[in-house]
Structure formats: C-alpha cells, structure tokens
Amino acid sequence: MALAEAETTLPDPKMAQGGAFIDGAFVPVQDAKISVLDFGLTRSDCTYDVVGVWKGRFFRLDRHLDRFEASCERLRLALPLSREELEATLHRLVALTGLEDAYVSMTLTRGRPNPAAPRDPRQCVPNFYAYAIPYVWLANEAQQAKGLALKIARDVARISRRSVDQRTKNYHWLDLEMALLHALDDGADSVLLMDIDGNLTEGPGYNVFAYRDGVWSTPDTNVLEGITRGAVLDLLAEMNVGSSVRPMTEDDLFGAEEVIVTTTAGGVMPVTAVDGRPVGDGTPGPQAARLKALYWDKHTDPAWSVPVDRTA
Ligand code: PLP
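Calculation notes
- Residues numbered from 1 in each chain as written.
- Predicted model: local features only at pLDDT ≥ 70, side-chain atom pairs only at ≥ 80, totals over all residues.
- Heavy atoms only, no water.
- Helix = DSSP H or I, 4+ residues; strand = E, 2+ residues; numbered from the N terminus.
- Buried < 20%, exposed > 50% of the residue type's maximum accessible area, 1.4 Å probe, protein only.
- Contact = heavy atoms within 4.5 Å.
- Polar contact = N/O pair within 3.5 Å; in protein donor to acceptor, adjacent residues only side chain to side chain.
- Near = heavy atom within 4 Å.
- Areas by Shrake-Rupley, 256 points an atom, 1.4 Å probe, with all protein chains shown as cover.
- Nonpolar A, V, L, I, M, F, W, Y, C, P; charged D, E, K, R; others polar.
- Axes fitted to C-alpha atoms, helices over the stretch in contact; angles between N-to-C directions.
- Parallel < 35°, antiparallel > 145°, perpendicular 65-115°, else oblique.

(A) The arrangement of the environment of Gln143 in detail. By the element assignment, Gln143 lies in helix H4 (residues 141-146). Since its relative accessible area comes to 23%, Gln143 is described here as partly exposed. Along the chain, Gln143 and Val279 lie 136 residues apart, while their C-alpha atoms are 15 Å from each other. Apart from residues no more than four positions distant in its own chain, Gln143 is found in contact with Leu148 and Asp189. Within the structure, Gln143 has its side chain in polar contact with the side chain of Asp189 (distance 3.0 Å).

(B) Main features of the site of the ligand. Near the ligand lie 17 residues; those nearest to it are Lys169, Glu202, Ile227, Thr228 and Thr264. In the environment of the ligand, an oxygen atom lies 2.6 Å from a nitrogen or oxygen atom belonging to the side chain of Thr228. Contact with the protein chains removes 93% of the 390 Å² of surface that the ligand exposes when unbound. Broken down by secondary-structure element, the contributors of at least two residues to the shell around the ligand are helix H6 (227-239) and strand S12 (258-263). Grouping the amino acids of the shell around the ligand by side-chain chemistry returns 5 nonpolar, 8 polar and 4 charged.

(C) Region of the structure containing the packing of H6 against helix H8 (residues 286-297). The geometry of H6 relative to H8 is characterised by a closest axis approach of 10 Å and an angle of 105 degrees between their N-to-C directions. Relative to H8, H6 is oriented roughly perpendicular. For the pair H6 and H8, contact is made by Thr228, Ala231, Val232, Leu235, Leu236 and Met239 and by Arg290, Leu291, Leu294 and Tyr295, respectively. The residue inventory of the contact of H6 with H8, partitioned by class, reads 8 nonpolar, 1 polar and 1 charged.

Here it is in structure tokens:
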C-alpha cells in the first residue's frame, strides 16, 4: 500500500494487556489458545524467538528474524509467512496493543499430528503464532540495583549440544527449570549451568560474560547465540574494549572482576555473587554500568532499532 493511503492501526483496548496473532487472526492475548495435540506442546517440537520493543521501537529486529528463520530451517519447519509478512504481522501486533515497551514472542510449532500418519512429523502443518505483552524483566529493580546472586548448578548439567542444538532457540527447558528451582530454594536469584565436561554454558534465559584484565569473555559453545550477547560484543568493539568468545569454567567466574548476564528480557544485568562468593568487591562494577547505559542508549539509535510501523 502506498504510504499516503496507509491507515494507522489504532490500539485495541481489549489488547492493552497483550495481543496475539494465532490461527491467522489478531486476538487479546488471554484468548490465544493452542491445541493440546500440537507437537509443540507434546514434543517441544518447535522453535521461537523473542524481540524487545522499547520506547516504541523494535531492537535489532532483523537479527531476531534472521535467527528465527535459521532456527525454523534447522528444524525443517516451513514458515507459512514470508519475511515481509512476518515483519508486518509483528508490527501490526504491537500497534494493536498500544504498548510502548513490549516483549514480543513468535513461535513456529510442528503442528498437530496428521491422523493418517500420526508419527510422521513431515505430515504436520506447522503452526505459527506470536504475542506481544508488556516488557518482561528477568530481574526486578531491586535485584538489578544490588546485582544478581547466582548459583552454579552442581546436580543438573546443560543438555548436550549433540542432543539439542542450543543455537536453535527452543523449549527444551527442563534442565534450566530444575536447576533454577534448586537455586531459588537455596536463596539465589538464578542459576548458571555447566555442560557435563564442566564448561560454563548459560542460564535460564540469559548468556553470561566475565570481565578480567581488560577483557570480557563469554562461553563459545552449548549456548544460544543471544542477540543481547551479540549486542554486547558489538558495543565492546565500538568501545575498544577486549572481548573473547571461548571455553570457560567456573574459575573464570570466581576470578572475575565483574560478571554480567545478558538477555532480551532485561538487557545487561550485573552479577555480584556466585555461589555465595562476592564478584570483585561485591557491588555492581563500572564496566557493567557503562555497558548497560550504552545498551539502552542504542534502543533509540536508528542503526540499532526501528520504530513500530503503525500502518503495517
Ligand atoms: N540463553 C537462553 C537459553 C535463552 O532462552 C535466552 C533468551 O531467552 C538467551 C540465552 C538470551 O538471548 P537473547 O539475548 O537473544 O534474548
């Protein structure tokens, strides 16, 4: 549609607490339902992505869509929408909610089994849905001000990348959930998991970085290649600060001057204790504060963000 003719999408008051696109229609999020038969639910046979909207702008939308499309391809899930349709759907969804700061999730599941071949995933019709809800913070304000206290999971290992490729954003969360429950029971804010060989991986919904001797390091494998992790690596390059993507162990955390976790659901957040031991002097450090400020500044920078299109 030519720009001059385009109509503005007005917010729908019924979607003020969130909206969804499901079965080809936009509905209030509380009305969005999927079938109990969907393999996404019964097999975790699906992939998803989550992009943030801040001050009415999508942050690094292209990178999220690239990752989502790559994930669909790895799982042999055919997206029923073109890139342009996907993008327009997300813009329209956010416009309908009227939210300025939103958590926007898109999922493609294998769909329901075909009764004629109930065990053949190739016979399913993939099911796409998306929703936008008020922005989600992984840690609340008080936790962020104090810095997070993390535990390292000792009795649950992160699932092997040979079983589930963590580069494909997935709902295989039982290792993360069980480790999180143990850590919360122990009074920590959250948890980090190691693989079975003792390499540091990630936590439930975030990547981790440790700073020492002028260099920020982050684990190289068995992790989701977080868009926020990528943003931090790009910011470090811009700031002329060293970075290293490499194998890490718990010793990298215990010897760190500063530690952060990174996620779309909260950005860059300082960690001030690991397994009850203080990181540095036990307060949020200056490097983390710099990164956090720059990260949020980029949300209004046109090179890093696009405004929600209210005519999509
Ligand atoms: N690791 C896992 C397991 C995640 O689920 C997420 C996000 O939900 C992340 C890392 C961080 O990724 P991003 O920065 O793209 O939000």
